[in-house]
Amino acid sequence: MSATLVAKDLAGGHGHRTLFEGLDLTVSPGDVVGVVGANGAGKSTLLRILAGDLDPHGGTVSTAPADAFVGWLPQEHERVAGETVAAYVGRRTGATGATAAMEAAAEALGTGAAGADDEYAVAFDRWMASGAADLDERIPPMLADLGLDVGADAMMTSLSGGQAARAALASLLLSRFDVVLLDEPTNDLDLAGLERLESFVRGLRAGVVLVSHDREFLARCVTRIVELDLAQQQVSVYDGGYDAFLEERAVARRHAREAYDEFADKKADLVSRARTQREWSSQGVRNAMKKNPDNDKMRRKASSESSEKQAQKVRQMESRIARMEEVEEPRKEWVLQFSIGAAPRSSAVVATLNEATLRRGDFTFGPASLQVNARDRIGITGPNGAGKTTLIQLLLGRERPDTGTASLGASVAIGEIDQARTGLGEDVPLGDAVEAALPEMSPADVRTLLAKFGLKADQVASRVGRLSPGERTRAALALLQGRGVNLLVLDEPTNHLDLPAIEQLEEALASYDGALLLVSHDRRLLDNVTLDRRWRVASGVVTQE
């Protein structure tokens, strides 16, 4: 069924705090709307309101037809204990909820309750629309097609991060929504998964609203951009794709700055001229008193008239200033100012593998013979489950090879952001965890450092395990700035970072002088960061490109 979603004068936020307001948006079949903005600007809040999961602060959301099947797939950072892959897919596609509603309607129908016929008809139509009737048959082929070599009865908690990402992709590809709302659908997907997701989104007849920080994904998929600008307290809708949005926004910001500068210069000039006129008027009166001690009425009258003319000019100038149309100064957003602390240079050879192999169950990594030199900048790519993490663990000396050798050079100071952001203790407050990791810094300096990364008192006092993925990522970046490193290992560093922070990370990497191992599926990051070599990992085999 084709459906249209309409938001009118929409406002949303948390509690009494409004994050955005005045949003008018129509999502027609085939539209792909990307929502961008800094973390905390209200992107996920907007999706929840559109999905009907959260009441707006103002405005309305409606669909035509009114019974359109709106599917919301939020980010899920924790897997539900005891939930199988099939149950997960059923829940995410809405089939489980539709089945429960139909069974409840059927039970009411059996009791002869008033209106049960109509309720059952509606529930049955929704059950059919959700694809629940044949979902169990469609799941296994989809899992196989995505390379997820586990059964539908496997527990979600048993899956690796990459496998869980593919299960999430399967639930999306198996869904049959009339309007699709996606929150960070690209997180943890490898290049093959990203291409499959892009193909699916571009081919949908349904309207789509999505939140993503993957710039290449946005550039390839979206037809319109909604920007939630928290700093300016503005909501803007841009027609055209992501790259067109960047250009149009840059022009708009430049014009806004030019308009303010012109206004400020003109006002300052008028204020200065009014001040001068006022001084001349006051000086004229004083001079008249000095020059006319004999109380000559004619001279006093002439001086008085001259002073009155000066005062009139002052009033005219002040009137011009008051009539000026006020132009607000564009407010600057908070920007992550990030640099990577430098350690003394390590040995010339940072890490080596010599015919190294490692076996884990049915998976074999290697044999691999590789070398990382001081100041090498290496990008590492490959499908999920191909052995990228195993490669890193061997190079850093955290895993010993079954055959061959692995060695780490002298004076190597490692800085790392792993995919799970597990660099800090989970059960201690963030401030205490960072103090323990940076013992040379005072508690006050630690809090100042964390504040530079947008981590304030509430987050500093919160246990690490309770922080959002974005907050954990910023804490990991703070550690890199606080300690000196000469071997930097980044595993999917852009996951859960907003677009301004990603750009700051790229700038920091441009000035970083040590060895770099960058594992990423972020295509624009890999293009924007200067790399000397690329290693591709597939089925445990490393090839150099």
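If you're wondering where the values come from, they're calculated on a predicted model, not measured in any experiment. (Residues numbered from 1 in each chain as written. Predicted model: local features only at pLDDT ≥ 70, side-chain atom pairs only at ≥ 80, totals over all residues. Heavy atoms only, no water.)

Enquirer: Can you walk me through the sheet that holds strand β17 (residues 533-538) in this structure?
Expert: In a beta sheet, neighbouring strands are held together by backbone hydrogen bonds and run either parallel or antiparallel to one another. Ordered by their spatial adjacency, six strands build an open sheet running β14-β15-β16-β12-β17-β18, and the pairing between neighbours is mixed. A single partner strand is all that each edge strand has here, and the edge strands are β14 (414-417) and β18 (541-544). Adjacent strand axes in the sheet meet at a mean angle of 15°, parallel and antiparallel pairs treated alike. Across five bridges, the pairing between strand β15 (residues 487-491) and strand β16 (residues 515-519) is parallel. What sits directly across from Asp-491, in β16, is Val-519. (Pairing = 2+ DSSP bridges. Helix = DSSP H or I, 4+ residues; strand = E, 2+ residues; numbered from the N terminus. Axes fitted to C-alpha atoms, helices over the stretch in contact; angles between N-to-C directions.)

Enquirer: Would you mind going over the nonpolar core with me for this structure?
Expert: Across soluble globular proteins, nonpolar side chains show a tendency to be buried alongside one another. One finds Val-201, Leu-210, Leu-430 and Leu-516 to be the most contacted residues of the largest nonpolar core, which totals 89 residues. By residue number, the principal contributor to this core is helix α6 (residues 161-173), which donates seven residues. Every residue in contact with Leu-516, bar those within four places of it in the chain, is listed here: Asp-376, Arg-377, Ile-378, Leu-488, Leu-490, Leu-509, Val-529 and Leu-531. Within the second largest apolar cluster, 27 residues are counted, among which are Leu-353, Ala-356, Ile-380 and Val-412. (Core = buried A, V, L, I, M, F, W, Y, C linked by side-chain atoms within 4.5 Å. Buried < 20%, exposed > 50% of the residue type's maximum accessible area, 1.4 Å probe, protein only. Contact = heavy atoms within 4.5 Å.)

Enquirer: Looking at this structure, I do not really get the confidence of the model for the chain. What am I missing?
Expert: If pLDDT is low for a region, its predicted coordinates should not be looked at in detail. Per-chain confidence: the chain averages 86 in pLDDT, with 92% of residues scoring 70 or above. Mean pLDDT in the chain bottoms out at helix α10 (residues 297-323), which sits at 67, and peaks at strand β3 (residues 32-36), which reaches 96. (pLDDT = per-residue confidence, 0-100.)

Enquirer: Would you take a moment to explain helix α5 (residues 135-145) for this structure?
Expert: Because an α-helix packs 3.6 residues into every turn, residues spaced three or four apart end up facing the same way. Those residues of α5 that sit buried are Leu-135, Arg-138, Ile-139, Met-142 and Leu-143. In an axial view of α5, the angular spread of the buried residues amounts to 130°, which keeps them on one side of the axis. Pointing more than 90 degrees away from the buried face of α5 are the exposed residues Glu-137, Pro-141 and Ala-144. Against α2 (85-93), α3 (95-110), α6 and α7 (191-203) lie the buried residues of α5. Once α5 ends, the next one or two residues include Gly-147, with phi positive near 75°. (Arc of directions from axis to C-beta.)

Enquirer: Just to check I follow, could you spell out α3 for this structure?
Expert: The end-to-end C-alpha distance of α3, which contains 16 residues, comes to 22 Å, matching closely the 22 Å that a straight helix rising 1.5 Å per residue would cover. Contacts from the buried residues of α3 go to α2, α4 (116-129) and α5. Note on α3: the residue one or two positions beyond its end, Gly-112, has a positive phi of about 75°. (Expected span 1.5 Å × (residues − 1).)

Enquirer: Explain the pairing of β16 to me, please; I cannot follow it from the model alone.
Expert: Burial runs high along β16: five of the five residues are buried. Of the two faces of β16, the one lined by Ala-515, Leu-517 and Val-519 and the one lined by Leu-516 and Leu-518 are each fully buried. In this sheet, β16 lies alongside strand β12 (residues 377-381) in parallel orientation, the contact comprising four bridges. Bridging from a neighbouring strand, Ile-378 pairs with Leu-517 of β16. You can see the chain leave β15, run along helix α16 (residues 499-511) and come back into β16, and the turn it takes is right-handed. (Right-handed = clockwise from strand over helix to strand, strands pointing away.)

Enquirer: Whenever I open this one, the packing of aromatic side chains confuses me. Can you help?
Expert: Within a pair of aromatic rings, the relevant descriptors are the distance that separates the centres and the angle that separates the planes. Evaluation of the coordinates by the stated rule reveals six aromatic pairs. Ring geometry for Tyr-238 against Phe-245: centres 5.0 Å apart, planes inclined by 70°, an arrangement best described as edge-to-face. When its relative accessible area of 1% is taken as the criterion, Phe-245 is described as buried. Ring plane angle 40° and centroid distance 5.8 Å describe the contact between Tyr-242 and Phe-245, whose orientation is recorded as tilted. Taken together, the residues span about one helical turn, with Tyr-242 and Phe-245 both in helix α9 (residues 242-291) at a distance of three residues. One exposure class covers both Tyr-242 and Phe-245, and it is buried. Through a chain of ring-to-ring contacts, the aromatic side chains of Tyr-120, Phe-124 and Trp-127 assemble into a single cluster. (Phe/Tyr/Trp six-rings, centres within 6.5 Å; stacked < 30°, edge-to-face > 60°.)

Enquirer: Would you mind going over the pairing of strand β11 (residues 363-373) with me for this structure?
Expert: Remark: a regular strand shows side chains that alternate across the two faces of the sheet. Where strand β10 (residues 349-360) lies against β11, eight bridges are found, and the strand directions are antiparallel. Looking at β11, one finds that Leu-358 is bridged to Phe-365. Hairpin remark: β10 followed by β11, antiparallel, with two residues in the connecting loop; positive phi at Gly-361, about 65°.

Enquirer: Could you clarify how one ought to interpret the packing of α2 against α6 in this entry?
Expert: The axes of two packed helices give the description: the angle between them and the distance between them. Relative to each other, α2 and α6 sit at 45°, their axes nearing to 9 Å. As summarised for this structure, α2 and α6 are arranged oblique, according to the angle between their axes. Remark: the crossing between α2 and α6 carries right-handed chirality. Seen from α2, the contacting residues are Tyr-88, Val-89, Arg-92 and Thr-93; seen from α6, they are Ala-167, Ala-168 and Ser-171. When its residues are assigned to classes, the contact of α2 with α6 shows four nonpolar, two polar and one charged. (Parallel < 35°, antiparallel > 145°, perpendicular 65-115°, else oblique. Left-handed = near helix turned anticlockwise from the far one by under 90°. Nonpolar A, V, L, I, M, F, W, Y, C, P; charged D, E, K, R; others polar.)

Enquirer: Would you take a moment to explain the pattern of salt bridges for this structure?
Expert: A side chain of one charge can pair with a side chain of the opposite charge if their charged atoms are brought near each other. Under the counting rule described, the total for this entry stands at 24 salt bridges. Among the salt bridges present, the one from Arg-524 reaches Glu-216, with a minimum N-O distance of 2.8 Å. You can see Arg-524 sitting in helix α17 (residues 523-528) and its partner Glu-216 sitting in helix α8 (residues 215-221), a full 308 residues away along the chain. Comparing Arg-524 with Glu-216, the two get one shared label, buried. A salt bridge links Arg-534 to Asp-527; its shortest N-O distance comes to 3.8 Å. The exposed category is assigned to Asp-527, whose relative accessible area is 58%. What emerges from the salt-bridge pattern is a single network uniting Glu-198, Arg-202, Asp-214, Glu-216, Arg-220, Asp-243, Arg-523 and Arg-524. (Salt bridge = Lys/Arg side-chain N within 4 Å of Asp/Glu carboxyl O.)

Enquirer: Just checking my understanding: could you explain the side chain of Asp-190 for this structure?
Expert: Position of Asp-190 among the secondary structure elements: in the loop between β6 (179-183) and α7. Look at Asp-190: it is buried, it has no salt bridge, and the nearest opposite charge is Arg-166 at 5.1 Å. Within polar-contact distance, the side chain of Asp-190 engages the backbone nitrogen of Gly-193 at 2.8 Å. Setting aside chain neighbours within four positions, we find Asp-190 in contact with Gly-382, Pro-383, Asn-384 and His-521. (Lys, Arg positive; Asp, Glu negative; His and termini not counted. Polar contact = N/O pair within 3.5 Å; in protein donor to acceptor, adjacent residues only side chain to side chain.)

Enquirer: Mind showing me how you'd approach the sheet that holds β10 here?
Expert: Taken in spatial order, the three strands make up an open sheet running β11-β10-β13, and their pairing is antiparallel. The strands lining the two open edges of the sheet, one partner per strand, are β11 and β13 (403-408). The sheet shows a mean angle of 20° between the axes of neighbouring strands, direction not considered.

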